[in-house]
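Observations on the model geometry
Each chain is listed here by its residues.
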Amino acid sequence: MIDKPIELPVDVGMSTPVLLLVLVALEAVLSADNAIALASISQGLVDEKLRPKALNLGLIFAYILRMLLIVAATWVVRYWQFQVLGAAYLLWLVFNYFTAGKDEDGEQIRPQYESLWQVIPMIAITDLAFSLDSVATAIAVSTDTWLVISGATIGIILLRFMADLFIRWLQEYTHLEDAGYVAVALVGIKLLVRAAYPDLEVPEALTVGLVTIIFTWGFSERKAAKNEEQDVS
């Protein structure tokens, strides 16, 4: 009797770890603007004690929606309407942020939320809108659904920790929140371009380069340094 080789439920080759690393790296790079948007939304919750809970529950729902999107990705990408809806939502977030006005210290006012359940759906839907871009990028790298799901799972865990970092950095850097929303607008515009010109491939290197420039400006000035200058004067 000849022993049959073990058949794995998925096709795991030598390139699999490399592809997974690429997918996770893409998730991390493309999630910077997502993380700052989620951090900003959670910071708008009036009750500070509820903010971590809002992020945790919001990202659990976001994960479920993202998995559904990945499974249905080949179907979703056929319909430009999904990308237009995602773009409209992201641009609406940007519009709300920049038109909210400034406080007495000259800082941008965030939209305020009284209820936990006002914030949780916003976090989940915001991540879903960003996922229209990141999932499209991921399936261009690999057509293996399980591999894309693995990368997205690790990515959303990274996103939770990145949001924590950005919550702290928002208190430290003057332009960071503005830069984050400029990057959000960039993703919204990218989705509109993809919907209007489905055959046009926007190089990811261009997106990463623009996001890097935006966040370089975002990290260019510390609030503490600004306050010290005011004290000296």
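Sequence order sets the numbering: in each chain, residues are counted from 1 along the sequence as written. For a predicted model such as this one, the threshold for reporting local features is a pLDDT of at least 70, and the threshold for listing and counting side-chain atom pairs is 80 or more; totals across whole chains, interfaces and linings nevertheless cover every residue. The basis for every side-chain value is the complete set of non-hydrogen atoms in the structure, without hydrogens or water.

**Some remarks on the overall build of the protein**
Only runs of H or I of at least four residues qualify as helices and only runs of E of at least two qualify as strands under DSSP, and these elements are numbered from the N terminus. The secondary structure content of the protein amounts to 10 helices and 0 strands. Helices and strands appear in the protein in the N-to-C order α-α-α-α-α-α-α-α-α-α. Throughout, exposure labels follow a simple rule: accessible area from a 1.4 Å probe, protein chains only, divided by the maximum for the residue type, with under 20% read as buried, over 50% as exposed, and the rest as partly exposed. Burial analysis of the protein (233 residues in total) assigns 42% to the buried set. Pairs at least 24 apart in sequence give 87% of the contacts found in the protein among residues at least 6 apart. Total accessible area computed for the protein in this model is approximately 13100 Å², and 66% of it derives from carbon and sulfur atoms. Note on contacts: a residue pair is in contact if any heavy atoms of the two residues lie within 4.5 Å. All accessible-area figures derive from a Shrake-Rupley calculation using a 1.4 Å probe, and residue coverage is judged against the displayed protein chains alone.

**Describing the nonpolar core**
Here, the term nonpolar core denotes a set of buried Ala, Val, Leu, Ile, Met, Phe, Trp, Tyr and Cys residues that are joined through side-chain atoms within 4.5 Å. The biggest cluster of nonpolar side chains holds 55 residues, and the ones touching the most others in it are Leu90, Ile123, Phe166 and Phe215. Ignoring any residue separated from it by four or fewer positions in sequence, one finds Leu90 in contact with Thr126, Ala129, Phe130, Val184, Val187, Gly188 and Leu191.

**Some points on a nonpolar patch on the surface**
Any residue with relative accessible area above 30% and no salt bridge may belong to a patch, with like charges joined within 9 Å and the nonpolar Val, Leu, Ile, Met, Phe, Trp and Tyr side chains within 5 Å. A pairing counts as a salt bridge when a side-chain nitrogen of Lys or Arg comes within 4 Å of a carboxyl oxygen of Asp or Glu. Together, Tyr197, Leu200, Val202, Leu206, Leu210 and Ile213 make up a nonpolar patch on the protein surface, roughly 570 Å² of accessible area in all. With respect to the secondary-structure elements, Leu210 resides in helix 9 (residues 204-218). Exposure remark for Leu210: the relative accessible area of 34% places this residue in the partly exposed category.

**Topic: the pattern of salt bridges**
Evaluation of the coordinates by the stated rule reveals 3 salt bridges. Between Asp127 and Arg66 there is a salt bridge, with its nearest N and O atoms 2.5 Å apart. Of this pair, Asp127 sits in helix 6 (residues 116-141) while Arg66 sits in helix 3 (residues 51-71), placing them 61 residues apart in sequence. For Arg222, the salt bridge is made with Glu172, and the minimal N-O distance between the two is 3.2 Å. Of this pair, Arg222 sits in the loop between helix 9 and helix 10 (223-232) while Glu172 sits in the loop between helix 7 (145-170) and helix 8 (176-196), placing them 50 residues apart in sequence.

**A few points about the packing of aromatic side chains**
Pairing of aromatic side chains requires ring centres within 6.5 Å, counting the rings of Phe and Tyr and the six-membered ring of Trp. Pairs whose planes differ by under 30 degrees are stacked, by over 60 edge-to-face, and all others tilted. This model, assessed by the stated rule, comprises 8 aromatic pairs. Considering the side-chain rings of Tyr89 and Trp92, the 5.8 Å spacing of their centres and the 35 degrees angle between planes classify their relative orientation as tilted. In this pair, Tyr89 and Trp92 both sit in helix 5 (residues 80-98), 3 residues apart, roughly one turn of the helix. Between Phe166 and Phe215 the ring centres are 6.1 Å apart and the planes differ by 45 degrees, which places this aromatic pair in the tilted class. Taken as a pair, Phe166 in helix 7 and Phe215 in helix 9 lie far apart in primary sequence, 49 residues in all. Taken individually, Phe166 and Phe215 each receive the classification buried, so the pair is uniform in this respect. Three or more aromatic residues joined by ring pairs form one cluster here, namely Phe166, Trp169, Tyr173, Phe215 and Phe219.

**So, the confidence of the model for the protein**
It should be kept in mind that the predicted coordinates are not to be read in detail where pLDDT is low. In predicted models, pLDDT denotes the confidence assigned by the predictor to each residue on a 0 to 100 scale. Mean pLDDT over the protein works out to 78, with 77% of the residues at or above the 70 mark. Looking across the protein, the model is least confident in helix 10, with a mean pLDDT of 52, and most confident in helix 5, with 90. This stretch, residues 1-14, has a pLDDT under 50; its non-local contacts, to residues over four places away or in other chains, come to 5 contacts. Confidence drops under a pLDDT of 50 for residues 226-233, and excluding neighbours within four residues, the segment shows 2 contacts in the predicted structure.

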